Amino acid sequence: MLALHDTQVRLVLLNHVTVRLAEAQPEELHAAGIEDEQLSHLRQLSAIDLNRLAAMRTLTIGIAFDGAALKAGLRAVALVNEAKALETYFIRHGASTHLMGELFKIRRKLTLKRRRDVDARRPSGRVPLPDYAIRERIYQAWRAIGDPTPRVRYYRLHQEFPHLPIAVLEVVIRDFEADA
């Protein structure tokens, strides 16, 4: 258990516990270490008395975490941050609004706004394609990438061809796959 020492945090928690435990079942109260008569006294305290109680250092107030749930939550936050970073990477490196919608479920207007936010302007219209030999190399690299996730595949492909906008890579892949 992590002991809490800040009086304001303790006061908020005491107030929360008082309200929450008013609706709790007796077994929940006992599991939390509160007896029925203590709850009765807690309910009768004025705001000033509750503040005095929160300021008493002899009363240990702490929090405990569910380790497995915290681990899962931290993993989820990391995945969201990774997805946001990848989304920004794609926007900065010229991904089309179509590809952003396909890979990240982002509407066209939002993609355009995020481009403006990071100052990643793209010329409108069809992107100029490299010569056929480079297009073949792009497609061979695409096929060689083992990860089945399209986001990761486009990211890795762009790592191999960083001088080309992602929109160019997208058109090349679509053209080759349409011919296949």
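In what follows, the structure referred to is the one given above.
Residues numbered from 1 in each chain as written. Predicted model: local features only at pLDDT ≥ 70, side-chain atom pairs only at ≥ 80, totals over all residues. Heavy atoms only, no water.

Caption draft 1: Region of the structure containing the nonpolar core. Phe 90, Ile 138, Tyr 154 and Leu 157 are the most contacted members of the largest nonpolar core, which totals 28 residues. Breaking this core down by element, the ones donating at least two residues are α5 (67-92), α6 (97-104), α8 (132-144), α9 (150-160) and α10 (166-179). A per-element tally of this core places α10 first, with eight residues. (Core = buried A, V, L, I, M, F, W, Y, C linked by side-chain atoms within 4.5 Å. Buried < 20%, exposed > 50% of the residue type's maximum accessible area, 1.4 Å probe, protein only. Helix = DSSP H or I, 4+ residues; strand = E, 2+ residues; numbered from the N terminus.)

Caption draft 2: Quick peek at the pattern of salt bridges. Applying the stated rule across the entire model yields eight salt bridges. Residue Arg 126 pairs with Asp 175 through a salt bridge whose shortest N-O separation is 3.6 Å. Linking Arg 126 in the loop between α7 (108-117) and α8 with Asp 175 in helix α10, this pair joins segments that are 49 residues apart in sequence. Here Asp 175 falls in the partly exposed class, since its relative accessible area comes to 32%. (Salt bridge = Lys/Arg side-chain N within 4 Å of Asp/Glu carboxyl O.)

Caption draft 3: How the structure looks around the packing of α6 against α10. Where α6 meets α10, the axes come as close as 10 Å, and the angle between the chain directions of the two elements is 80°. As judged from the angle between their axes, α6 and α10 are roughly perpendicular. Every residue of α10 that contacts α6 at His 98, Leu 99 and Glu 102 is listed here: Ile 166, Glu 170 and Arg 174. Classifying every residue of the contact of α6 with α10 by side-chain character gives two nonpolar, one polar and three charged. (Axes fitted to C-alpha atoms, helices over the stretch in contact; angles between N-to-C directions. Parallel < 35°, antiparallel > 145°, perpendicular 65-115°, else oblique. Contact = heavy atoms within 4.5 Å. Nonpolar A, V, L, I, M, F, W, Y, C, P; charged D, E, K, R; others polar.)

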